[in-house]
Amino acid sequence: MADPKGFLTTPRETPKSRPVDIRIRDWREVYEDFERSKLEQQAGRCMDCGIPFCHQGCPLGNLIPEWNTLVWREDWQDAIERLHATNNFPEFTGTLCPAPCETACVLGINDDPVTIKRVEISIIDRAFEEGWVKPQPPTTRTGKKVAVVGSGPSGLAAAQQLTRAGHDVVVFERADAIGGLLRYGIPEFKMEKHRLDRRLEQMRAEGTEFRAGVNVGVDVTAEQLLADYDAVVLAGGATAWRDLPAPGRDVEGVYQAMQYLPYANRVASGKLDSPPIDANGKDVVVIGGGDTGADCVGTAHRQGARSVTQLEIMPRPPESRSDAHPWPMYPMIYRVSSAHEEGGERLYSVNTQEFLADENGHLRALKLVEVRNEGGRFVPVEGTERELPAQLALLAMGFVGPEREGLLDQLGVELDQRGNVARDGTYKTSLDKVFVAGDMGRGQSLIVWAIAEGRSAAAGVDAYLTGRDVLPAPIAPTDRPIA
Ligand SMILES: Cc1cc2nc3c(=O)[nH]c(=O)nc-3n(C[C@H](O)[C@H](O)[C@H](O)COP(=O)(O)OP(=O)(O)OC[C@H]3O[C@@H](n4cnc5c(N)ncnc54)[C@H](O)[C@@H]3O)c2cc1C
Ligand code: SF4
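Residues numbered from 1 in each chain as written. Chains lettered and ligands numbered in written order. Predicted model: local features only at pLDDT ≥ 70, side-chain atom pairs only at ≥ 80, totals over all residues. Heavy atoms only, no water.

**Q** I'd like to hear about the pairing of strand β11 (residues 363-374), residue by residue, with values.
**A** Note: strand β10 (residues 350-357) against β11, seven bridges, orientation antiparallel. Across the sheet, the residue bridging to E354 is K367, located in β11. The hairpin formed by β10 and β11 contains five residues between the paired strands, and G361 there has a positive phi angle of roughly 85 degrees. Two elements, β11 and strand β13 (residues 386-389), share four bridges in a ladder whose sense is antiparallel. Paired with L366 across the strands is L388, a residue of β13. The sheet contact formed by β11 and strand β12 (residues 377-380) spans four bridges and is antiparallel. Of the residues in β12, the one forming a bridge with V371 is P380. What sits between the antiparallel neighbours β11 and β12 is a turn of two residues, in which G375 has the positive phi angle 60 degrees. (Pairing = 2+ DSSP bridges. Helix = DSSP H or I, 4+ residues; strand = E, 2+ residues; numbered from the N terminus.)

**Q** Summarise the domain arrangement of the protein; cite the residues concerned and give the values.
**A** The figure often quoted for interface size is the accessible area lost as the parts come together. Per the domain assignment, the segments of the protein are domain 1 (6-130), domain 2 (145-239 + 400-466) and domain 3 (243-397). Put simply, the middle of domain 1 and the middle of domain 3, counted by C-alpha atoms, are 31 Å apart. Counting residues at the interface gives 17 residues for domain 1 and 16 residues for domain 3. Taken as a group, I24, W27 and T103 account for 47% of the area that domain 1 buries against domain 3, more than any other trio of residues on that side. Across the domain 1-domain 3 interface, the total number found is two salt bridges. For R23, the salt bridge goes to E342, with nearest N and O atoms at 2.6 Å. (Domains from an automatic or database assignment. Contact = heavy atoms within 4.5 Å. Buried area = accessible area lost by both parts, 1.4 Å probe. Salt bridge = Lys/Arg side-chain N within 4 Å of Asp/Glu carboxyl O.)

**Q** Just give me the short version of the layout of surface pockets, but keep the residues and values in it.
**A** Considering only enclosed or pocket space, the second largest pocket measures out at about 180 Å³ in volume. Tallied by class, the residues present in the lining of the second largest pocket amount to four nonpolar, four polar and two charged. Formed jointly, the lining of the second largest pocket draws a minimum of three residues from each of two domains, domain 1 (6-130) and domain 2 (145-239 + 400-466). (1 Å grid on protein atoms, 1.4 Å probe; cavity = no way out; pocket = protein on both sides within 12 Å on 5 of 7 lines; lining within 4 Å. Points joined across faces, edges and corners; volume = space filled by probe spheres on them. Nonpolar A, V, L, I, M, F, W, Y, C, P; charged D, E, K, R; others polar.)

**Q** An account of the site of ligand 1 is requested, with residue identities and associated values reported.
**A** Lining the immediate surroundings of ligand 1 are 32 residues, of which L96, S154, E173, K190 and V216 lie closest. Contacts to ligand 1 include K190, whose side-chain N or O atom sits 2.8 Å from an oxygen atom. Here ligand 1 has 1,000 Å² of accessible area as a free molecule, and 94% of this is covered by the chains. Elements that contribute at least two residues to the shell around ligand 1 include exactly α10 (153-164), β2 (168-173), α14 (291-302) and α18 (447-466). No other element matches α10, which puts three residues into the shell around ligand 1. Grouping the constituent residues of the shell around ligand 1 by class yields 14 nonpolar, 13 polar and five charged. When residues of the shell around ligand 1 are sorted by domain, at least three fall in each of domain 2 (145-239 + 400-466) and domain 3 (243-397). (Near = heavy atom within 4 Å. Polar contact = N/O pair within 3.5 Å; in protein donor to acceptor, adjacent residues only side chain to side chain. Areas by Shrake-Rupley, 256 points an atom, 1.4 Å probe, with all protein chains shown as cover.)

**Q** Could you give an account of the pattern of salt bridges, with specific residues and numbers?
**A** Pairing between side chains of opposite charge can happen when the charged atoms of each approach one another. Within the structure shown, the criterion is met by 28 salt bridges. With a shortest N-O distance of 3.0 Å, R141 and D168 are connected by a salt bridge. In this pair, R141 sits in the loop between α9 (116-130) and β1 (145-149) while D168 sits in strand β2, placing the two residues 27 residues apart along the sequence. Residue class for R141 comes out partly exposed when judged on its relative accessible area of 48%. (Buried < 20%, exposed > 50% of the residue type's maximum accessible area, 1.4 Å probe, protein only.)

**Q** How would you explain the site of ligand 2 if you had to name every residue and give the values?
**A** Around ligand 2, the surrounding shell consists of C58, N62, I64, T93, C97, A99, P100, C101, I116, K117, E120 and V448. A majority-of-atoms criterion places ligand 2 in the second largest cavity. Looking at the shell around ligand 2, the elements that each hand over two or more residues are α8 (100-103) and α9. Sorting elements by how many residues they give to the shell around ligand 2 places α9 first, with three residues. Taken together, the residues of the shell around ligand 2 break down into eight nonpolar, two polar and two charged. (Sits in = over half its atoms within 2 Å of the grid points.)

This is the structure in structure tokens:
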């Protein structure tokens, strides 16, 4: 156990965020560094529970009490070894995970939970600083060739596991750079891309080959892929976005969040001078109250938007857990992300009836109406219609599943009822030697689930190719969050 009285004597403390007026002038991460001694005290709050519910909260099954204890004892090198035992990329989860482990922490029943995510990122940051993260190339090779399609967190986790298991792994990515949504989608202010680049460096040194700018299904056919490789992992994400077919949808100035955000990534990384879709000087409306919407809010503020309003059709969630989400479930509560701290307004229980254009065909306003939920149907409240001025509207309403045209159609792989790629308990699809991991099989989800699925699919592929049972498989395809 860490400090036996830590949870009684040390209050929860997290690092401060950089002042809003400074951070919205750059793309750097929001949080300031945290003193090492303070972090060790925070790790000391862990009670090393007999049944650590945080394990259950974490889809990777991270050994949280073990590394908390090691950090509290200042044994950081063993801490990274224990952390890497279950998580290939703690720097991605340590910056981006919504930390369902913390809402499942036993201390959280009647006190503030342990700052698990902060301990996680501190361990991996220190490990990189000290040079403890080294390439781990395989000691023996199997001679088997594996293609991974898609370079998001699920594809990268599968590739790293399979390379280390001795297979020759090639990762195909249609974008011009590797990383999936970690590269193009998730803003720099949530995770700076040097974190991704240094991990890719390690993977290259281990022997994983990356081919960016290759759209499988177009540049390489499915048939070619199946002929050239002993196994294929589909990790193409759930990139088909949900649209809003309201009148005026086609006016100039209405875009999908994922048309808008990648340009900002390119500007932040110096690949582009100015974004073709720019919020500068505009009234911006973001439709969709989730995390993608919050990313649009933070990006619009950094681009110098005149005003930013985020719309959500659902009512505002409660401030604290409701009876519908008792501990240790991940609760639906009102959350204020760093992007929301930076300004803007959030409107709940509203729907967009129409996009209104000016005489030049450019967006000038949205016609909104308040709605009430009647048994799952959102019914307009008469007399509440109004116009909200906007010159840029961004649709952040989620994703309906993977794109079918191209690769999936060519393969003829079976889909499940939700339109995702169907798989069995080993992550194998309906086709021989074809596996699936991440959002492409699970539907739109989280980084932590993508990594867990990538690891589990790698175990399935390795067993298929060699008949052995050596790689860990943290989750079954049917596992769901405790929610
Ligand atoms: C804007 C945004 C912000 C998010 N923020 C968070 C967050 O803060 N925390 C969190 O936990 N989750 C977040 N998510 C969700 C998270 O990013 C995803 O769940 C996760 O990235 C899924 O990983 P993946 O590997 O399955 O797919 P992806 O990351 O989507 O990667 C799939 C890759 O496959 C490539 N690809 C697809 N088809 C082909 C093909 N035919 N040939 C070659 N390449 C192909 C795509 O170009 C893409 O790069 C966010 C999602 C979005 C959209
Ligand atoms: S990956 Fe997420 S759920 Fe798991 S320990 Fe880290 S922050 Fe918690």
